[in-house]
Every structure is written in structure tokens, then in C-alpha cells.
Number of protein chains: 2
Amino acid sequence: MVEPVGNHYIVARPVYSENLFNEEHEKLHRYHKTFWDHLKIYFRCSPQRVKKSALGLFPIVSWLPAYRFKEWILSDIVSGINTGLVAVLQGLAFALLVNVPPGYGLYAAFFPALVYFIFGTSRHISVGPFPVLSLMVGGAVIRLVPDDSAGNSTSTNISAINEERVMVAASVTFLSGVFQLLLGILQFGFIVIYLSQSLISGFTTAAAIHVVVSQLKFMFQLPVPGFNKPFGIIYTLESVFSQITKTNIADLVTSLLVLLIVFVVKEMNDRYKAKLPTPIPIELLVTVLAALVSYFADLKEKFGVAVVGQLEEGFQAPVAPDAGVLEKCIGDSISIAIVGFAVAFSVAKVYSIKHDYPIDGNQELIAFGLGNIVGGSFKGFASSTALSRSGVQESTGGKTQIAGIISAFIVLIVILAIGFLLEPLQKSVLASLALGNLKGMLMQFKEVSVLWRKDKYDCVIWVVTFLAAVLLGLDIGLATAVAFQLLTVVIRSQIPSCSVLANVGRSNIYRNRKDYTDIYEPEGVKIFRCSSPIFFANIEFFREKLVTAVGFDPLRVLRKRNKALRKIRKMLKNGELQVTPKGLICTAEHTYESDEELDNNRIEELDQPTNMTDLPIQINWAADLPPGITVPRVDIHSIVLDFSAVSFLDFSAMRILQKTLKEFVRIDIDIYIAGAHEGFLDKLERCAFFDEEIKSSMFFLTIHDAVLHILLKKDIASSPKLKLAEEKASSNNYYVEIPSNGLRSREVTKTELPKGNAIDVTSLDLN
Amino acid sequence: MVEPVGNHYIVARPVYSENLFNEEHEKLHRYHKTFWDHLKIYFRCSPQRVKKSALGLFPIVSWLPAYRFKEWILSDIVSGINTGLVAVLQGLAFALLVNVPPGYGLYAAFFPALVYFIFGTSRHISVGPFPVLSLMVGGAVIRLVPDDSAGNSTSTNISAINEERVMVAASVTFLSGVFQLLLGILQFGFIVIYLSQSLISGFTTAAAIHVVVSQLKFMFQLPVPGFNKPFGIIYTLESVFSQITKTNIADLVTSLLVLLIVFVVKEMNDRYKAKLPTPIPIELLVTVLAALVSYFADLKEKFGVAVVGQLEEGFQAPVAPDAGVLEKCIGDSISIAIVGFAVAFSVAKVYSIKHDYPIDGNQELIAFGLGNIVGGSFKGFASSTALSRSGVQESTGGKTQIAGIISAFIVLIVILAIGFLLEPLQKSVLASLALGNLKGMLMQFKEVSVLWRKDKYDCVIWVVTFLAAVLLGLDIGLATAVAFQLLTVVIRSQIPSCSVLANVGRSNIYRNRKDYTDIYEPEGVKIFRCSSPIFFANIEFFREKLVTAVGFDPLRVLRKRNKALRKIRKMLKNGELQVTPKGLICTAEHTYESDEELDNNRIEELDQPTNMTDLPIQINWAADLPPGITVPRVDIHSIVLDFSAVSFLDFSAMRILQKTLKEFVRIDIDIYIAGAHEGFLDKLERCAFFDEEIKSSMFFLTIHDAVLHILLKKDIASSPKLKLAEEKASSNNYYVEIPSNGLRSREVTKTELPKGNAIDVTSLDLN
């Protein structure tokens, strides 16, 4: 009954098996789409669809005409200038991570922003260099163009190496752009869901560690070669510390000073966020100051510090990527493509939720893909978005990608006109600026303890990702972490907390019998729950748990019974047993005989159902058997499997489940399955799960339906236990009266409610 | 009520929320083992435990003293001799797959069998060479010692290459033995569960294809170099077919003849299994015949066929593995270790179930590990068990590993004494014998169509495994297949078939509302079911589906309402609105104003709960609002989430779920969760899921409990709809009478059943 009566749950209905329920309640025949239907829909082509996709490919067509010029242009300009300045500095700083001359970072900050303006769907992210990605490109660069080990660092040599490195960075970027574009076209934007928060957090923390280690050489100004191989970070640290005495003190002091100032001012920006009209642009101030000091104090000459030096003037002609390089860095490109997209997309999503507009993962992939293809062609390196820079763009009032294009314009000015002002800047200052952006990432260490308390698996994912990415390198580390993460999902799905249930409180509630005192277990019935999907990796475990729960192995019982039957047949033949109306009576001493060995065919016979048709009497296994014959005691007659949490069952599992159920059926134990999902039965039917031993009639709607059915079937009402209950009930005034007349409804008539009897609803009263 | 009344399901109990239920039914406090407890138990060390492990390490100590000498010895000897002869032939044939001289196959058939006798737990498997494994070792051999490309195949050169190859095979075998031993000691025997039936089937089929292709060169007698790299099989085929004109016709004819004879006789063996006392040992007969023909017809001289040639006499001194080789073949060794173990274990398990004795996965790992370490030291190659040979051992009557040791003795005789008899045997005959064993594996192709009909995922796993293993090679292919398989589990777990439920048949049954006609959906209530675990990869999907089901995005509604409130405040302040007892009345024309732009802080304000405390009147969002102010219509007041299939919830999912629920709560929609698992609530509690907005009181035992609670709370009884129902009910004779006296039981009293009222159980009658 759906209407509430006081605060009561009162139900009276027939006991429903799935079959009965579906007979009584007409089921609509719904057409379920097949695999091919889905494919057809996916590839359907209508003019509207084509138009929509075409428009979707150029989001600018939608948002630019709707631009509220008067309201927005000013904040977009302010935001654009701020972001542009940050982009210039970050471009220079992150170029050090790529191991290319700083000037190339400006290209990475310029071209992708232009492309994103046209193709991007997020209005607030600032597209350009991102430290983690720069480092990943740098890894490939170092592997393909290692430092000259001979040590003859003549300037021609260095510039040749640099040129080669720029080429490698550009090629890797180009290739990762192609991958992103392909993924976008193939609608694979969903792959980011496989990068969980814990994984991204562990990964970016590891990347921060890599950034720190890779910047040490600039801070100390030491000639450290790059090691892009598993455990490379250890080699790098070893190299740094073995040369620590050769540190350039001027560089070290500058670095520490810059780091300190940036850190303190950023903290103040954070703390007095509300009071400050705009955050202090400390990075810009420090850069200008450092460049001035370096220029006037002539640090390069006096202390031998490394400076940015001459930037490339203007643009370089676009180049085709190097085919030889492409082949060698497929792996790097894939990880760069995925990480770049994942980071940008997650930042974009935050803003899209905050400002309530839609973004499209596949279109983002296309935008970044094209951005990287163009950027790579013009010798830039891979771009995504830096969290800090996007934060600047949004918080200084950026409304649309107009701010992005203005920031690109600022970068353009630096590239074309005022780049020379940065020439005297120390590389160690850039390194410190790069480190200044890492606080947030490094603070993620705090998550570990939180995760440990809340979810062990998530914590392990974090730690494994972190360690793998730190030790094995970012690309292999990421692959390892993703594989490990998938494994944890499998393990979680795979560990079913199987439990035996019992009725709690004498109504229709079944709970773990270990948890409650007030329980009732119907005699001879086991209610077994599996709280996870069942598939190849846990079906054996499920079987084991079930066998443990019932207390015997059905196959073994079946074999013992068949062996016993064989003996009985032999004894009957030998006249050692006599059939009487009371049962079998032993008439002669049975000579002891060891378990005979059985050849293979006869072993298989033992697994067949027991066949007593040729015997003059049915053997009752629970009663006394002739002497010398024993079979294991089986004290249950029914098993109810609660499958309400079995969200899927694969084919391996189905085969073993079928075999197990059959073994139970063959030793006369009834199996019932309760709470199976919509579609579960159909699937079993399709897979020929049912036969003359396993029937679809074993499916019941709920555990309680199955238990009621069992009780009725086994006629437990005649047991002494229930007699007591009946007596109790009859002395009870709280009953349901069902008169024999006046049953009007279809359902009631059909289900044949017992007429003229008082239906007992006193279950609450029975203990 | 647990006792059956007719075939009826009749329940009367209070509506239970989780909290109420746990108050009423005492919950036992069980100590749940923590992670550390498990660790402690795992590493606990008691004298019994130590003794048991020590005994477990040498299974022979248990089974040998119990050996029934008189009964078993004869069948063990017969079986041993048969198996031994097969082992000799297979050893020779499979050595060709490893690319080492045939004689080394005998070592692979001898040493591991010895070790397994002592350490193994299976009584029926025949330990020794296995084609798939031989091929995998062969892959490593070819990669590390490629054919001499210069083509100067002088005999010294060939023998040097062969020696090197034997060394590589031995080292790989040794290393894979070490891995197996380690896995066994670390109790990692469970890893085989990750190799599903479909995967093993696809993999062994692919291996069969590799075997066929690799034997072509012996059948045609062509100088084909080995290609162990991705797509190597294509290069091999290309090489074979480009040289096809150089085929040695004598070898080809012999091969085809042998293949035909073996195939036909094996078919006959199968067909007349019952009638034949023992299967015809056709391989042995063919070998003897072929050796005789080759010797007397002097095929080697006359037709230039390749023969086995001189076998190594006796044993060779044990060698330490080559450290250089070890380093280069770690990957191969891992896959060899896992595949070898997986195959042997699955065969062993079949026999252990058939003959009803326990086997121990970890001990098997130790046995095979030691076997391979010893075998590798004596220049053998990796061993596992061949299905065909184990079939011979068991079917000819083998009872214990005594048969195994006798078969090893036969191999020993061949090694020491009669090996020279095999010298004139053609290699092409051996190749054909190897191919003769593949029928079963190749027949597995038939599974594909069966799988496609029964389970698409399993079919895709088969095909992907097969293609990956054929094209990428067995080792990379296996890794790819396992990763892919894990992904399918994640995908299966991840695609929740979310559905909206409705009451079917007016009792306590809730089903997909699309499936039935006879449904009832309480007004303003959505019942939403998620039929899978919820974790990082599908939480977003879950949220989307939920938003689609309810028909609006709660965050958007909340923001619109907050914006509307802001406007109302402004209008009140401007005197454009007046508060009257009837509500707000607009007193002045509101001047149109575009949605003002909000700065960032104010945007965040919009996500806070609506706050009307400062207003003189509570706004009713469903009623008419002042002109110019609109909020989205929300026509539901409660959502019931059915979590009975949510077997786990990870931390990422929990955070997003919490956020989503909060959004609903903030627009005054009540959320209820029904059917959550044992332990689910505790976990949420531990993770600080609950606060003043999301309370643990939202958990109800079943959907029906939650629905009844909602109906009572929303007082739907006063709605016209129910009035009708009441009228109907009063004219109905089928009712439940609950007198005011005589309530005896604790439960009934406590739950305060309405006294003196007729409780309506006529739900069946209402439509």
C-alpha cells in the first residue's frame, strides 16, 4: 500500500517470484537498442547534425557576436595585460624546463593562445606553457639530444645543440597536437575520467618535485646533464651534490632572495586578498628589478652568472617536424597530449561551473591539438594552461577569450620589440620564479594523511602515482599509475563482502546475522548475499565463500551419495540388504571393503545427479543408512542468494555459477535468487543458463518473497516451532480479518487469498 | 511476518529509517579488523604455523608415506612409460620453437619433473616443455642472438650461435624461475585470477598461430631469420613466402604426410575412445618409422633434408646464468613466469577437482620456480605442462607423481643411452609433431561466435587478446591483454544503467517505470536507481543522469533563486514592492535592468543556501513572484536514491555526491537514500560526509520505507487524490482491524500503531 497509515509500513500482496510478478503485471515490450543501432545512431548524418557539428567546431561564431562590448571590454583588457605579463615571465621560466633557450617560451605562450581564441570553449583559462608539460617535453629533449658528454662546450657547439633541442621540442609538441586532434575528432574527450583526483594530485606533486630538482642546476649554476630514464631523478641529484662545491654563489644568493621575496609577497597577497584592490604583481616587479641590477652591476662579467642572453628576434619560419624524432617520441607525445588536456580541462571545468556555461571536452581536445600543431610548427613547445596564470586572468576580471587574445598581444610585443630588455636577466631568477609557482602543488602532500583516514585505496593510488612519477619519470609513471588505478577498481569490485543474512525483527528485513541479536533464521535456509559484481576475478572466491557459509562442498556430497548408492546396489544384489516397508534393513554383516579405486569414466559418473529409479525404495539421506555406509550430513534444504548488488556477471562467472548451482540442485537443495536486476534474467536466458535442473522459476523479487515461498513449500507450518507461534497468535487481538465476500479487485481474486481466515499480521509480536 | 499465510506476503511494521531501525534493534558491536590487524595476522608466527608451512613446502612428505603401493604402482609405471615417450618427442619438437638444438628439449623434460616430484602438489600433471612457453623463450633467444645476417653459415659459426642461444634460453628460464619462486614465497598465487578464460583462450590460440608460423621454416626447410618485435609474425610470413620457391620438397612432403597421419589417427583415437584399450601411440610410431626411413633411405644425403643430428651425450655441467642476458630479458621472464604458472595451474585444477584433492597455488609457484631454476642451470628451457601430455599421464592411469618420476626416468634413458637412434630423424617430422598438438588450441576460434552471442565484453577480450598476442608478440600482447581486460571490468562497473523507478502494483515493489503500465509515482517524488558502484570514472555520469531524471540542474536553480532574492531586496528597498498579508505586491513599475554582472565574490554567494531571514516574508517559489522576477519551476519535493547496487563509493565520488546532494538540499528538495549496504553509513560518517545540511537521517531501509515517510511528511493524505482512495477504502470489506487493547509486544507498543483505526491493506484494490 502506498498511502501512509500513521508511520507504518503495511503490505499485503502475493508472494512474488519474478515469473508470477511478470504474469500479473503487464510488462511493456520495449525495444532495447542493439550494438548496431547505437553504431548507426552514432554515425547518422543529417543536415542539422552536420550544421551543428560545423558550428561546434568554431565556438567563436557563437560567443563573439554575443559579446557585450561596453560592459566587458574594459575588464578584458585589464585582465589581458596582467595575464600577458605573467605569460611572458612564465614562458621564459618554463623554457628552462624544456632545456631550450628562454625565448622559445614566448612562442609557446603566443601561438596556442591565438588558436584557442578561435576553437576553445572555455572563456577563462589562459592557454600557454605549463610547468609539468614543459618538463615532460624537456624529458624527451634530453633523451634525444643529451648534453655533450665530451665537455667541449664551444659556443658553436652549444648553439647547434640548442637548435637540435628546439627542433625536438617542436616535433614532440607537433605530434602531441596531432594526438589531441585525433582524440578530439574521435570523440575521446571522456578519457579524462580515468584520471581521478587522487591520481592527478599525486602526479602533479611528483611533477613539482621534478621541477624543483630540474631547476637546481640553474639555481646553483652547475653543469648537470639531463637524465631521462627510470630513476633519472636520483642521478640528477647525485650529479648536483657531487658538484656542489662549484656553486656560483652570486646565482645562489639571487635565487634564494628572489624565492624568499616572491614567497612572502604571494603569502601576503593571499592573506590580504580582500583588502588589496589587485594582487601585487611581484613576479613582474622582481623581474624588472633583477634585470636592472644585473645590467647595471654587470653581474655576468663580474660573477659569471648565466643570463637569458639574446632572445630570438621576431618569429621564425614554420618548420615541418622531424620524422626521425617523431618516431622516437610517440610515447612521450601520448602522455603529453593526455596530461596537457587533462589539466586544462579540469581547470576549465572549474570555471565553467563557477560561471555557468558549457564546455565541450572533445572541442577542447581539438583546440589544444590545433594549438600545439601550430605552436610546434613555429618552434614553440607544448602548451596547456597554468593554474596560476588562469587564476590571474579570471580574478583580474577576464570575461571571455578576448582577454586571452590581448595577453597574446602582450607576448607579441615582447617578442617583436622589447625582448632585448630581458637580456641581462639571470637564469637563476627565472628558475626561482618557476619554483614560486609550485607551492600549491607541493602543498598537496597534506592530502595523503586525509586520504588515508578516508579511503585507503585513494591514498594508495596517490602514493603509487607519486612514487611512480617521481622515480620512473612522468611518462612511464603516468602509465603505471593509470594501470594501477584501474587495478584498484577491479580489486574493489572484486572483493565481495559476502555475508550470511538473517531476518531481523521478524518482518521483511534481512541483515547480516552477525550484527544483530534479534534475529531469526528459518530452519534449513541459508540466505547468502554477495555485495559486488561477479566476474572472472572473484567467481572462485564467491564459490568458496558460499561453500564455507553452507558448511559443505556440494560436489563432494554428491559424490559420496553416488558412491553410497553404488554400495547399496551391490549390497542389495548380494542380499545383504532387504527392502521392508520401514526402509532398508541390513540382513547380513557387510564385509569391510576399502574405497575401491575408480577409473576415470566412473569418476565422472559420480558427478551426475543421483539416480534412484532402479532402486526399490527412495533413500532418505538424512535417516539412518545401512551400516558401513555414511554420507555427509546436509542440514539445509534451501539457499537464497541475494543478488541485489550484483550489477553484472560475466561469462566466465556465469559458467562457474551455473556449475555450482547445479551441484547444489543435485543434492536436493533448492536455490533461489532474490533481488536480481532488471535485465539480469533476460541475459541469463540468452546465455542458455537455464535447463531442466536450473530453472528461471528460482528468481524471486525479494529475499522475503523467497523465504515465504520456502516456508510454504517445506510446510514449516506443521513444525512444532510454528505451532507455538500459532498459539501465540490466536491469543492475540491484533489480527487481520479477511471476510470471504467482497473481494472486488482483480489482483486479490487472482492471487486467491485464503478465505474466511484471519491473516496473521502479528509478526511484530512474535519473538 | 516470517511465517507464511497462504501464499502471501504480509508485513506490518514501522517505517524504518536506518537510525530508527538501529535504535529498535540492538546492533552488536563487532570489532572490525583494521589494516594493521590483518598485517599482524598475516605475519604472525606460531610454532604450529611454522611447522605447517615447513611441511607445506615439501608436499612429498605428506603423500609419499600414504602411497598405496600394491594398488597404484602398476598403473603409475604404465602411465609413466607412456608419458615419458611423449615427453621425449615433445621435448625434441618444442626445442625447435626455442631455436636451440633438439637435444636440449630433453633436459627441459627431465629436470623440472624431478623437482616437481618433491615440491608439486598436483598428482596428475606432467611437468615439462609446453609449446607456448617454448615459443616465448624462443622469442627472447632470437632477439638477443639473431641469425647471422652475414649469411656465412660455417659450421663453427652455427655451433657458436647455438651455444649462445642455449645460454640465453637457460638464463631466461633461470630468471623466470626466480620470479616464480618469489611470487610463490610472497603468496602471489592469486594473480592467475586476472587471467580470465576468454583471455587464456585468446592467448593460447594466438600462441598456436605463432607456433604454426614458426614451424613453417622447418616444414619448408627455408632459412628464415627470427623476428621478435611487434608485427614480427608479418615479417616472418613475408620471409617465408618470398623464398617459397627454394622449398625442400622432400621435407615438405614428409611434413604433410606426418601431419595427415597424426591428424587422422588422433581423430580416430578420439572417436573410438571407448572401444580402444589404449589410444594408439601414433606419434611414437611415426617417429620410429620416420627415423628408420630417413636412416635407410639416407634422406639427408640424397635430398638435403635437415635432421636432428647428434644429440648432446649425457648431461652438461651446470652453469650460472649470464648476468648480461638477465638484464635484457626481465620482461620476457616475467611473462614466461606468469604464463607458465597460469597454464600449469589451470590444468592442475581441472584434475584436482576431478579427483578431489587440494592443490596450492603458492606451492605450485614454488615448485615451478625451483624446477625452472634447476632446469635453467642445466641448460634446459622453461617448463610448464603440456595439456596433451598431462592428458596422457592421467588417462593411462597415473595416480601420483610417481608416474611423473618414471617418465623422467624414460627421458633419462634417452639422454644417456639411446639418443643416437634419433639422429637421422628429420626436423620437419618434429615440426609436424608439434603442429599435431595444436588442434585443440586452434579449435578455440569457434568460441568467438559463442562469446559474441553471450557476452560482448568477453568476446572483445578474446579478440583483443588474440590480435595483440599475434601482432605484438606474446609478451607485450599478454601485458596489453591484461590491461585491456582490467579496463573492461572498469568499464562494466562504470556504466550504470541508471533508471527512474515507480511503484508497480501498489505494494512495496519498485521497478523501472518504463517497463510497466500499472505504475504509481507519488507526486513530487523521484525514485532514482544507480545500478553500479560509484567511483571517479562514473560520478560525473551519475550526476548528469540524476539531473536529467529530475529535469533541472539544482545549482542553476539555486543561483536563480538567490539572484531573484537579491532583486526582491532591491525592489523592497526602492519601495517597488509592498509586503501585505497576502504576499508581496508590486506597487511600482519595475524599470527593466539587464542581469547585472557579478564579480567573483558575489558569484560564490549565489551558491550559498537561500537566506530569507532578513526579508519580512518567506518567498514561496512555486507561487507567483513579482513581475520581472522568474525562477525555474521545480515540481518535485523529494528524491529517493536507491543505492542497493552501489557496492562501493570512492573518495572522489563521495566529494561530488556530497556537493550534488547539498545543491538539492539548498533548493528545499529532500534527499533519501535507500538500501545502502552494511558499513556504507559508517564509512560516510568516517569521511565527514554529514553536516548540518546532509544528515544521516536521510538513510532508509528500503525505497518503500522512504516513500511512506515522504508521503506522511508531505501530508499527502490531505490531498484530493487520497480522499478518493479513502472513500474507496471505506466501501471495502477487506480491511485490517487494530483494536486499541491487547498490544502486547515491545515493538508494537513502541512504534505506536494508530489505535482504534482500521488500517487499510486494500492497496491491491486501488488503482
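The residue numbers shown here count from 1 along each chain, following its written sequence. Labels are handed out in written order, letters beginning with A for the chains and numbers beginning with 1 for the ligands. Per-residue local features are limited, in this predicted model, to residues with pLDDT of at least 70; the limit for side-chain atom pairs, both in listing and counting, is 80 or more; totals at the level of whole chains, interfaces and linings are taken over all residues. For side-chain calculations, the full set of non-hydrogen atoms in the structure is used, while hydrogens and water are omitted.

Engineer: Account for the overall build of chain A, with residues named and values stated.
Structural biologist: Helix and strand counts for chain A come out as 31 helices and 14 strands. When contacts within chain A are restricted to residue pairs at least 6 apart in sequence, those whose partners lie at least 24 apart make up 80%. Note on areas: Shrake-Rupley with a 1.4 Å probe; residue coverage comes only from the protein chains shown. By element, 62% of the accessible surface of chain A is carried by carbon and sulfur atoms, the whole surface being about 33,700 Å². Counting from the N terminus, the helices are the DSSP runs of H or I reaching at least four residues and the strands are the DSSP runs of E reaching at least two. Only heavy atoms enter the contact rule, under which two residues are in contact if any of them lie within 4.5 Å.

Engineer: Describe helix H22 (residues 456-472) of chain B, and please don't skip the residues or the numbers.
Structural biologist: An α-helical turn contains 3.6 residues, so a residue and the one three or four places further along point in the same direction. Residues and elements named next belong to chain B. The terminal C-alpha atoms of H22, which comprises 17 residues, lie 23 Å apart, in line with the 24 Å expected from a rise of 1.5 Å per residue. A simple rule labels every residue: compare its accessible area, found with a 1.4 Å probe on the protein chains alone, to the largest value its type can have, and call it buried under 20%, exposed over 50%, or partly exposed in between. For H22, the full list of buried residues reads Asp 458, Cys 459, Ile 461, Trp 462, Thr 465, Phe 466, Ala 468, Ala 469 and Val 470. What qualifies as a polar contact is a pair of N or O atoms within 3.5 Å, subject to a donor-acceptor requirement within protein and to the restriction that residues adjacent in sequence count only when both atoms come from side chains. Capping the start of H22 is the job of one residue whose side-chain oxygen sits 3.1 Å from the backbone nitrogen of Tyr 457: Asp 455. Once H22 finishes, Gly 473 follows within two positions and takes phi at roughly 100°, a positive value. By this rule, a helix spans an expected 1.5 Å times one less than how many residues it contains.

Engineer: Mind laying out the pattern of salt bridges, listing which residues take part and the relevant values?
Structural biologist: One speaks of a salt bridge when a side-chain nitrogen belonging to Lys or Arg is within 4 Å of a carboxyl oxygen belonging to Asp or Glu. The tally for this structure, following the rule as stated, stands at 38 salt bridges over all chains. In this structure, B:Glu18 and A:Arg511 form a salt bridge, with 2.9 Å as the shortest nitrogen-oxygen distance. Here B:Glu18 is found in helix H1 (residues 18-24), whereas its partner A:Arg511 is found in strand S5 (residues 510-512) on a different chain. Between B:Lys713 and B:Asp670 there is a salt bridge, with the nearest N and O atoms lying 2.9 Å from each other. In this pair, B:Lys713 is assigned in helix H29 (residues 703-713) and B:Asp670 in strand S11 (residues 670-674), connecting sequence segments 43 residues apart. By relative accessible area, which is 48% here, B:Lys713 ends up partly exposed. In this structure, a network of salt bridges that share partners links the residues A:Asp455, A:Asp458, A:Arg492 and B:Lys683.

Engineer: Account for the environment of A:Ala109, naming residues and giving values.
Structural biologist: Residues and elements named next belong to chain A. Here Ala 109 lies in helix H6 (residues 104-119). Ala 109 sits in the buried class, given a relative accessible area of 3%. Taking the C-alpha atoms as reference, Ala 109 lies 8.8 Å from Gly 375; in sequence the two are 266 residues apart.

Engineer: Before we move on, could you go through the environment of A:Gly105 and cite the residues and values that matter?
Structural biologist: Residues and elements named next belong to chain A. When you line up the elements, Gly 105 lands in helix H6. Through-space distance from the C-alpha of Gly 105 to that of Ser 644 is 56 Å; in sequence the pair is 539 residues apart. Those residues in contact with Gly 105 that sit more than four places away from it in its chain are Gly 91, Ala 95, Pro 129 and Phe 381.

Engineer: Any chance you could break down the packing of helix H5 (residues 69-98) of chain A against helix H19 (residues 427-436) of chain A for me, citing the residues and the numbers?
Structural biologist: Residue and element names in this part refer to chain A. Where H5 meets H19, the closest approach of the two axes is 8 Å, and the angle between their N-to-C directions is 100°. In terms of axis orientation, H5 runs roughly perpendicular to H19. Only Lys 427, Leu 430, Ala 431 and Ala 434 of H19 make contact with H5, whose side of the interface consists of Leu 89, Leu 92, Ala 93, Phe 94 and Leu 96. The class makeup of the residues in the contact of H5 with H19 is eight nonpolar, no polar and one charged. Axis definition: a line fit to C-alpha positions, over the contact stretch in the case of helices; interaxial angles, taken between N-to-C directions, run 0 to 180 degrees. We call two directions roughly parallel when the angle between them is under 35 degrees, roughly antiparallel when it is over 145, roughly perpendicular when it lies between 65 and 115, and oblique otherwise. Ten residue types, Ala, Val, Leu, Ile, Met, Phe, Trp, Tyr, Cys and Pro, are classed as nonpolar, four, Asp, Glu, Lys and Arg, as charged, and the remainder, Gly among them, as polar.

Engineer: Which residues make up the packing of helix H9 (residues 197-220) of chain A against helix H10 (residues 232-242) of chain A, and what values go with them?
Structural biologist: Residue and element names in this part refer to chain A. Closest axis-to-axis distance for the H9/H10 pair is 10 Å, and the angle between their directions is 25°. By the angle between their directions, the pair H9 and H10 is classed as roughly parallel. Here the hand of the crossing between H9 and H10 comes out left-handed. Along its contact with H9, which presents Ile 209, His 210, Val 213, Leu 216 and Phe 220, the element H10 presents Ile 233, Thr 236, Leu 237 and Val 240. Per-class residue counts for the contact of H9 with H10 are seven nonpolar, two polar and no charged. Crossing chirality is assigned from the near helix's rotation relative to the far helix, an anticlockwise turn below a right angle marking it left-handed and a clockwise turn marking it right-handed.

Engineer: An account of helix H17 (residues 387-395) of chain B is needed here, citing residue identities and associated values.
Structural biologist: All names here are of chain B. By the burial criterion, the buried members of H17 are Arg 389, Ser 390, Gln 393 and Glu 394. All buried residues of H17 lie within an arc of 135° about the axis, which places them on one face of the element. Looking one or two residues beyond H17, the residue adopting positive phi is Gly 397, at roughly 105°. Note that the arc is defined by the directions from the helix axis to the C-beta atoms.

Engineer: Outline the packing of aromatic side chains, listing residues and values.
Structural biologist: Ring geometry is summarised as follows: Phe, Tyr and Trp rings, the Trp one being its six-membered ring, pair when their centres sit within 6.5 Å, and such pairs are stacked at plane angles under 30 degrees, edge-to-face over 60 and tilted between the two. This model, assessed by the stated rule, comprises 56 aromatic pairs over all chains. Ring centres 5.1 Å apart and planes at 80° place the aromatic pair A:Tyr295 and A:Phe296 in the edge-to-face group. Across this residue pair, the class does not change: A:Tyr295 and A:Phe296 are exposed. Judged by centre distance (5.5 Å) and plane angle (80°), the rings of A:Phe535 and A:Phe536 are edge-to-face. On the accessibility criterion, A:Phe535 (0% relative accessible area) is buried. A connected cluster of aromatic rings, assembled from ring pairs, spans A:Phe528, A:Phe542, A:Phe643, A:Phe680, A:Phe689, A:Phe690 and A:Phe699. Above the ring of B:Tyr9, the side-chain terminus of A:Arg13 is found at 3.7 Å from the ring centroid. A cation sits over an aromatic face here: B:Arg123 above B:Tyr357, 4.4 Å from the ring centre. Counted as over-ring charges are cases with an Arg CZ or a Lys NZ within 6 Å of the ring centre that also lie within 35 degrees of the ring normal.

Engineer: Before we move on, can you summarise the pairing of strand S1 (residues 8-14) of chain A with the specific residues and values?
Structural biologist: With respect to burial, S1(A) is a largely interior element, seven of its seven residues being buried. Sheet topology places S1(A) next to strand S1 (residues 8-14) of chain B; seven bridges connect them, and they run antiparallel. What sits directly across from A:Arg13, in S1(B), is B:Tyr9. Pairing between two strands is assigned when DSSP locates at least 2 bridges connecting them.

Engineer: So what about unusual backbone geometry? Which residues, and what values?
Structural biologist: With phi around 55°, A:Ala688 is a residue other than glycine that occupies positive phi space. By the element assignment, A:Ala688 lies in the loop between helix H28 (680-686) and strand S12 (699-700).

Engineer: Please set out the side chain of A:Ser17 residue by residue, giving values where relevant.
Structural biologist: Residue and element names in this part refer to chain A. Note that Ser 17 resides in the loop between S1 and helix H1 (18-24). Engagement of the side chain of Ser 17 in a polar contact is seen with the backbone nitrogen of Leu 20, the distance being 3.2 Å. Not counting the four nearest positions on each side in its chain, Ser 17 is found in contact with Ser 697, Phe 699 and Phe 700.

Engineer: Pulling in residues and values, what's your account of the side chain of A:Lys662?
Structural biologist: Tracing the backbone through its elements, the reader meets A:Lys662 in helix H27 (residues 651-666). The residues touching A:Lys662, leaving out its near neighbours within four places in the chain, are A:Asp691, A:Glu693 and A:Ile694.

Engineer: Residues and numbers for a nonpolar patch on the surface, please.
Structural biologist: To count toward a patch, a residue needs a relative accessible area above 30% and no salt bridge. Like charges then connect within 9 Å, nonpolar side chains (Val, Leu, Ile, Met, Phe, Trp, Tyr) within 5 Å. Where nonpolar side chains cluster on the molecular surface, the patch consists of A:Leu260, A:Phe263, A:Val264, A:Met268, A:Tyr272, A:Ile280 and A:Leu285 and spans about 610 Å² of accessible area. No other element matches the four residues that helix H11 (residues 249-271) of chain A contributes to the nonpolar patch.

Engineer: Account for the environment of A:Gly551, naming residues and giving values.
Structural biologist: Residues and elements named next belong to chain A. Within the secondary structure, Gly 551 sits in the loop between helix H24 (539-550) and helix H25 (554-573). Judged by its relative accessible area of 61%, Gly 551 is exposed. Spatially, the C-alpha atom of Gly 551 lies 17 Å from that of Cys 530, the residues being 21 residues apart in sequence.

Engineer: Tell me about the state of the cysteines, and please be specific about residues and values.
Structural biologist: Residues and elements named next belong to chain A. Disulfides are defined as cysteine sulfur pairs within 2.5 Å. By the definition in use, this model includes zero disulfides over all chains. In this model Cys 530 remains outside any disulfide bridge; the closest cysteine sulfur is found in Cys 498, 4.3 Å from its own. Here Cys 530 falls in the buried class, since its relative accessible area comes to 1%.

Engineer: Would you mind going over the confidence of the model for chain A in detail, with residue names and values included?
Structural biologist: Residue and element names in this part refer to chain A. A residue's pLDDT is the predictor's confidence in that residue, given on a scale from 0 to 100. When pLDDT is averaged along chain A, the result is 80; 88% of the residues meet or exceed 70. Taken as a whole, residues 717-767 scores under 50 in pLDDT and shows 102 contacts with residues more than four places along the chain or in a different chain. Predicted as a complex, the structure gets a pTM of 0.78 and an ipTM equal to 0.79.

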